[in-house]
Amino acid sequence: MHVPHPSPHQMGLTIGEGQDGAPLRWGRWDGRTLVVDRFDDEDRVLVAVSPSGIRMLTVTHDQDTLAVHRVTDCSVEVELGATVLPPHPGAEPEGDEAEVFFDYEGGFIDEATALVGTVESDEELGPGRHWLVDTTRLRLQGEVLYPRDVPGMPRTLGDGTWYPVSAARTPFMSGLCKGLRLPVADARTP
């Protein structure tokens with residue numbers, strides 16, 4: 001999966017290798033040579049680059065942890081475990097339902113806020129969910145409440161707007177979502 005950087009001379013790349021992991025590469029054109037950095041942690045999927053291009057968002061290959069890294073050296077600034085996500089409303093209260101995990105897609109709404117989904121882990125229980133995350137402290141802000149059920153992944157533009165896509169990968173709602181930050185459900189933590 002290719003993830004663009006605001007500078008047209010840089011690009012992130014995650015190489016999906018199934019159960020063998022997801023190597024992360026960072027390429028940049030220095031004016032004369034294409035330089036490709038290989039990051040040590042082979043188990044992170046690159047989700048997005050911040051609007052400033054200074055930070056990037058990843059999810060672990062097993063989808064249980066989000067992290068914000070510095071683009072310059074891929075060092076982790078903050079992490080958020082999927083254990084903070086509440087169970088799907090369609091889950092049995094005492095049931096042994098599937099665990100909730102982060103999707104491999106999402107992005108930065110702005111420099112300090114990301115939108116991520118749990119659509120894949122929610123699919124057996126009902127509609128997918130999207131979550132606002134504070135990327136400075138990597139804290140769950142809450143669930144985004146849409147006027148209709150969310151069938152697919154979120155797409156962010158980095159300028160405060162986003163849109164959900166359908167399972168067919170087409171825009172789900174007409175227009176861009178701007179100002180849909182409210183209402184959000186309260187972030188519930190165990």
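Just above sits the structure.
Definitions and cut-offs
Residues numbered from 1 in each chain as written. Predicted model: local features only at pLDDT ≥ 70, side-chain atom pairs only at ≥ 80, totals over all residues. Heavy atoms only, no water. Helix = DSSP H or I, 4+ residues; strand = E, 2+ residues; numbered from the N terminus. Contact = heavy atoms within 4.5 Å. Areas by Shrake-Rupley, 256 points an atom, 1.4 Å probe, with all protein chains shown as cover. Polar contact = N/O pair within 3.5 Å; in protein donor to acceptor, adjacent residues only side chain to side chain. Pairing = 2+ DSSP bridges. Axes fitted to C-alpha atoms, helices over the stretch in contact; angles between N-to-C directions. Patch = residues over 30% accessible without salt bridge, like charges linked within 9 Å, V, L, I, M, F, W, Y side chains within 5 Å. Salt bridge = Lys/Arg side-chain N within 4 Å of Asp/Glu carboxyl O. Lys, Arg positive; Asp, Glu negative; His and termini not counted. Charge placed at Lys NZ, Arg CZ, Asp CG, Glu CD. Buried < 20%, exposed > 50% of the residue type's maximum accessible area, 1.4 Å probe, protein only. Core = buried A, V, L, I, M, F, W, Y, C linked by side-chain atoms within 4.5 Å.

(A) Structural detail: the overall build of the protein chain. Helix and strand counts for the protein chain stand at 1 helix and 16 strands. Residue pairs in contact within the protein chain that sit at least 24 positions apart in sequence constitute 40% of those at least 6 positions apart. A total of about 9,800 Å² of accessible surface is found on the protein chain, and carbon and sulfur atoms cover 52% of it.

(B) Just the side chain of His-88, in detail. Inspection of the secondary structure puts His-88 in the loop between β8 (76–81) and β9 (106–110). There is a polar contact of 2.7 Å between the side chain of His-88 and the backbone oxygen of Pro-127. When sequence neighbours within four positions are dropped, the list of residues in contact with His-88 reads Val-100, Asp-122, Leu-125, Gly-126, Pro-127 and Arg-129.

(C) Region of the structure containing the sheet that holds strand β7 (residues 65–70). A sheet is described by the order of its strands in space; here 4 strands give the open sequence β5-β6-β7-β8, paired in antiparallel fashion. The two strands at the open ends of the sheet, each matched to only one other strand, are β5 (44–49) and β8. Across the sheet, the axes of successive neighbouring strands diverge by a mean angle of 25 degrees, strand direction being ignored. Relative to β8, β7 is paired through 5 bridges, and the arrangement is antiparallel. Paired with His-69 across the strands is Val-76, a residue of β8.

(D) Looking closely at the side chain of His-130. Turning to its location among the elements, His-130 is positioned in strand β11 (residues 130–134). Engagement of the side chain of His-130 in a polar contact is seen with the side chain of Tyr-146, the distance being 2.8 Å.

(E) Fine view of a negative patch on the surface. Residues Asp-43, Asp-62, Asp-64 and Glu-99 make up a contiguous surface patch of negative charge. Note that Glu-99 resides in the loop between β8 and β9. Residue classification places Glu-99 among the exposed residues on the basis of a relative accessible area of 63%.

(F) Highlighting the nonpolar core. Grouped together as the largest cluster of nonpolar side chains are 22 residues, with contacts concentrated most on Leu-57, Leu-66, Phe-102 and Val-133. Where this core is concerned, the elements lending two or more residues are β5, β6 (55–60), β7, β8, β10 (113–117) and β11. Ranked by residues supplied to this core, first place goes to β5 with 3 residues. Dropping the residues within four chain positions of it, Val-133 is found in contact with Leu-66, Leu-80, Ala-112, Thr-113, Ala-114, Val-116, Leu-138, Arg-139, Leu-140 and Gln-141. Ranked by size, the runner-up nonpolar core spans 9 residues in total, among them Val-3, Trp-26, Phe-39 and Val-71.

(G) The arrangement of the environment of Gly-117 in detail. Mapped onto the secondary structure, Gly-117 falls in strand β10. C-alpha of Gly-117 to C-alpha of Leu-132: the two residues are 15 residues apart in sequence and 8.9 Å apart in space. Each residue touching Gly-117, except ones within four places of it in the same chain, is listed here: Phe-101, Phe-102, Asp-103, Glu-105, Arg-129, His-130, Trp-131 and Pro-154.

In short, geometric facts, not functional conclusions.
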